[in-house]
Amino acid sequence: MDRQVSNFLLKGGRLLDPAAGRDGLFDVRVRDGVIDAIGTNLPVDGITVIDVEDLLVTPGLIDVHLHLMKGLGAFGADPDIFGVGSGVTTVVDAGSAGHTLLNVFRNYVTKNAKTRVLNYINLSTLGGVTGPGYGILADPRQIDEEKIEKAVEANRDIIVGIKIMATGGALGAQGLKPLERARKLGDSLKLPLLVHVGESWTKDTAPVHVGDVVKYLRPGDIVTHMFTVHPGGLLDGNGKLWPQVRDAKESGVLMDVGHGLHNLNFDVARKVLDQGLHPDGVSTDGHRGNRAGPVYDLPTTMAKLMALGFTLNEVVEMATVNAARLLGRLNQLGSLRIGEPADISVLRVEDREWKAVDSQKGTIPAHQAIAPAYAVRGDTVYEPLAIERP
Ligand SMILES: [Zn+2]
């Protein structure tokens, strides 16, 4: 049950806040929705104690890629299912809305959610309305720079970048021209580009080469679906990273997991990771069609990365400070600060054997599981939804 509490103490937990260099037993006190003390053995008089012994307390987790236009098509999920209902305080929609739908998104999704909901505006006016298999950038009229600029300027508080589907199916006869236009728009609006690579939906068109896509990207832009097994991915036919991808990453282009129904493949992930290319963001690419598996939620996706060899500290760093950096929100998100509104995740990390399942139903053994225990935003403490998790 969600509960509003004016003064409370998260007591006895392990606080892990990589950005602040904190890892240890610290209590966190919240008064009127604001963090007012972090320390050891804080006094408990006259305050509601929330016992978090044996639990992990982190800055609010951030899921940087989902589809949250609730009710739209087969994908639009309720942001609070992947958000506070899964121990996550910030969720980011990746391109459900083009400029025409942005007001609807703002007024019916962001405003109604208990979770903070940010947005990558779609380069295409059609956004996610038609579903991913359509040529949403294949006609030059489907990009309207002027209207995108207007929509962005009116919604800077929620907009974190521009989403582009760089697939053969989406680009169609326009080829790479939409990427050129996106580049100009990103530069003039000072927004990063979030580029989908991987051709899971459009098998009847020639795949776009990732080496051609990254030519248009600059430091701070993001490639999502870094572990896709589908054509258009990061590896060549011999399982080697395309050199252009390595160069892009070295120049400061960021890489996001974007698990989803199709794009987390453990074999590909091992090859990419073995060649030294690590994720900057961990995300579910969550939507209505993958919530009940294989994706489940962000904590589960983090645990899958642990099964691939990352430490708990590393995956928490990805989902907090690194995600905040990727979103250009380092001064607001990703770390606990005294005097700031409470934005906290509480997780249950368990040593237990389970089988992590990827998008192609491949499995690897996992030795630790992560489940949500609470999400805190301001003066409200949310308990996770009782929904299926592995
Ligand atoms: Zn997606």
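Here is a short report on the structure shown in this document. All values derive from a computational prediction rather than experimental measurement.

## Looking at the overall build of the protein
Helix and strand counts for the protein stand at ten helices and 18 strands. A compact globule built from 390 residues would reach a C-alpha radius of gyration of about 21 Å, and the protein, at 20 Å, matches this within 12%. Seen along its three principal axes, the alpha-carbon backbone of the protein occupies a region of about 70 × 45 × 35 Å. When contacts within the protein are restricted to residue pairs at least 6 apart in sequence, long-range pairs at least 24 apart make up 77% of them. Total accessible area on the protein is roughly 15200 Å²; 50% of this is exposed by carbon and sulfur atoms. The distance from the centre of the 41 positive side-chain charges to the centre of the 47 negative ones in the protein is 4 Å.

## Side note on the sheet that holds strand E18 (residues 380-382)
What the seven strands build is an open sheet, ordered E1-E18-E17-E16-E8-E3-E4; its pairing is mixed. In this open sheet, the two strands that pair with only one neighbour each are strand E1 (3-4) and strand E4 (22-25). Relative to strand E16 (residues 343-357), strand E8 (residues 56-59) runs antiparallel, the two sharing four bridges. Pairing of proline 59 across the sheet is with isoleucine 344, part of E16. Relative to the sheet, helix H9 (residues 298-307) contacts E16 and strand E17 (363-377), its axis offset from that of E17 by approximately 145°.

## Digging into the coordination of the zinc ion
Coordination of the zinc ion by the protein involves His65 (NE2), His67 (NE2) and Asp285 (OD), with metal-donor separations of 2.1 to 2.2 Å. For the zinc ion, all donor residues lie on one chain, and their spacing in sequence is H-x1-H-x217-D. Here the residue histidine 67 occupies a position in the loop between strand E9 (61-66) and helix H1 (79-82), and aspartate 285 occupies one in the loop between helix H8 (266-274) and H9, the gap between them amounting to 218 residues.

Cut-offs applied
- Residues numbered from 1 in each chain as written.
- Predicted model: local features only at pLDDT ≥ 70, side-chain atom pairs only at ≥ 80, totals over all residues.
- Heavy atoms only, no water.
- Helix = DSSP H or I, 4+ residues; strand = E, 2+ residues; numbered from the N terminus.
- Rg over C-alpha atoms; globule rule 2.2 N^0.38 Å.
- Contact = heavy atoms within 4.5 Å.
- Areas by Shrake-Rupley, 256 points an atom, 1.4 Å probe, with all protein chains shown as cover.
- Lys, Arg positive; Asp, Glu negative; His and termini not counted.
- Charge placed at Lys NZ, Arg CZ, Asp CG, Glu CD.
- Pairing = 2+ DSSP bridges.
- Axes fitted to C-alpha atoms, helices over the stretch in contact; angles between N-to-C directions.
- Donors = N, O, S within 2.8 Å, 3.2 Å for Na, K, Ca; no water.

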